[in-house]
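Per-entry structural report
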Amino acid sequence: VARGQLYREMHSRFLERPELYLAGALAYAELLAGQQLRYHCLRAQQEQAIVHRVHMLSMAAFVLTIMAVLAHFGWHASLLTVVTTGLPAFAASLHGFVAQEESERLATSFGAMANRLQGWLDTGSSGNDMKPVQEHLADLVGLMMADVQDWHRLFGAKGMYHLG
């Protein structure tokens, strides 16, 4: 009931002044696209930072393991035994974390979406001609729906919707 009433109200506003309604819809879409662009840029940076940090930790674990193995040749201590066995296990768990988290894929996906949104914003539509503005808005809806479908493919099969 409320949806129908809202639709009728919006339709009557459109009929009264279509150019004003069109400008408002376009401004709202550009605002939304700008917010999505910021979100996707931020998330791409965050995921890339995760990949970088885990890679650095893995490299540090590798170097420390090599140093412990070399030191173990001359000095037999239980601490070195723990280090030579524990660090490779730690590095393997980091690799498993990155594989499960899919941070590299997510960083690429977020970056690609940010590029597509920036492209949409750069090819802005203006004026009072209804058809080009509708097509421009439809392109934005298509971009955003493709992103939703990508998330469904990524997380739906894994049952990971609860991770948000």
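Here's what I pulled together on the structure shown here. On a predicted model such as this, the values are computed, not experimentally measured, just so you know. (Residues numbered from 1 in each chain as written. Predicted model: local features only at pLDDT ≥ 70, side-chain atom pairs only at ≥ 80, totals over all residues. Heavy atoms only, no water.)

1. With respect to the overall build of the chain
In terms of regular secondary structure, the chain is built from five helices and zero strands. If you list the helices and strands of the chain from N to C, you get α-α-α-α-α. Taking the principal axes of its C-alpha atoms as reference, the chain extends roughly 90 × 35 × 20 Å. When the accessible area of the chain is evaluated, it comes to approximately 11,200 Å², of which 65% is carbon and sulfur surface. Looking at charge distribution, the chain has the averaged site of its 12 positive side-chain charges lying 5 Å from that of its 14 negative ones. (Helix = DSSP H or I, 4+ residues; strand = E, 2+ residues; numbered from the N terminus. Areas by Shrake-Rupley, 256 points an atom, 1.4 Å probe, with all protein chains shown as cover. Lys, Arg positive; Asp, Glu negative; His and termini not counted. Charge placed at Lys NZ, Arg CZ, Asp CG, Glu CD.)

2. So, the packing of aromatic side chains
Across all of its chains, the model carries two aromatic pairs by this definition. Ring plane angle 70° and centroid distance 5.5 Å describe the contact between Phe14 and Tyr21, whose orientation is recorded as edge-to-face. Exposure remark for Phe14: the relative accessible area of 21% places this residue in the partly exposed category. Classification of Tyr21 as partly exposed rests on a relative accessible area of 32%. Ring plane angle 85° and centroid distance 6.0 Å describe the contact between Tyr39 and Phe110, whose orientation is recorded as edge-to-face. Pair noted here: Tyr39 is in helix α2 (residues 18-74) and Phe110 is in helix α4 (residues 103-122), with a separation of 71 residues, a long-range link. Look at Tyr39 and you get partly exposed, because its relative accessible area is 39%. Residue Phe110 is classed as buried on the basis of its relative accessible area, which comes to 2%. (Phe/Tyr/Trp six-rings, centres within 6.5 Å; stacked < 30°, edge-to-face > 60°. Buried < 20%, exposed > 50% of the residue type's maximum accessible area, 1.4 Å probe, protein only.)

3. Concerning the packing of α2 against α4
Close contact between α2 and α4 brings their axes to 8 Å; oriented N to C, the two are set at 155°. Here α2 lies roughly antiparallel to α4, going by the angle between them. For the pair α2 and α4, the crossing hand works out as left-handed. Of the residues belonging to the contact of α2 with α4, the class tally is 16 nonpolar, seven polar and four charged. (Axes fitted to C-alpha atoms, helices over the stretch in contact; angles between N-to-C directions. Parallel < 35°, antiparallel > 145°, perpendicular 65-115°, else oblique. Left-handed = near helix turned anticlockwise from the far one by under 90°. Nonpolar A, V, L, I, M, F, W, Y, C, P; charged D, E, K, R; others polar.)

None of the figures reported here should be taken as evidence of function without further support.
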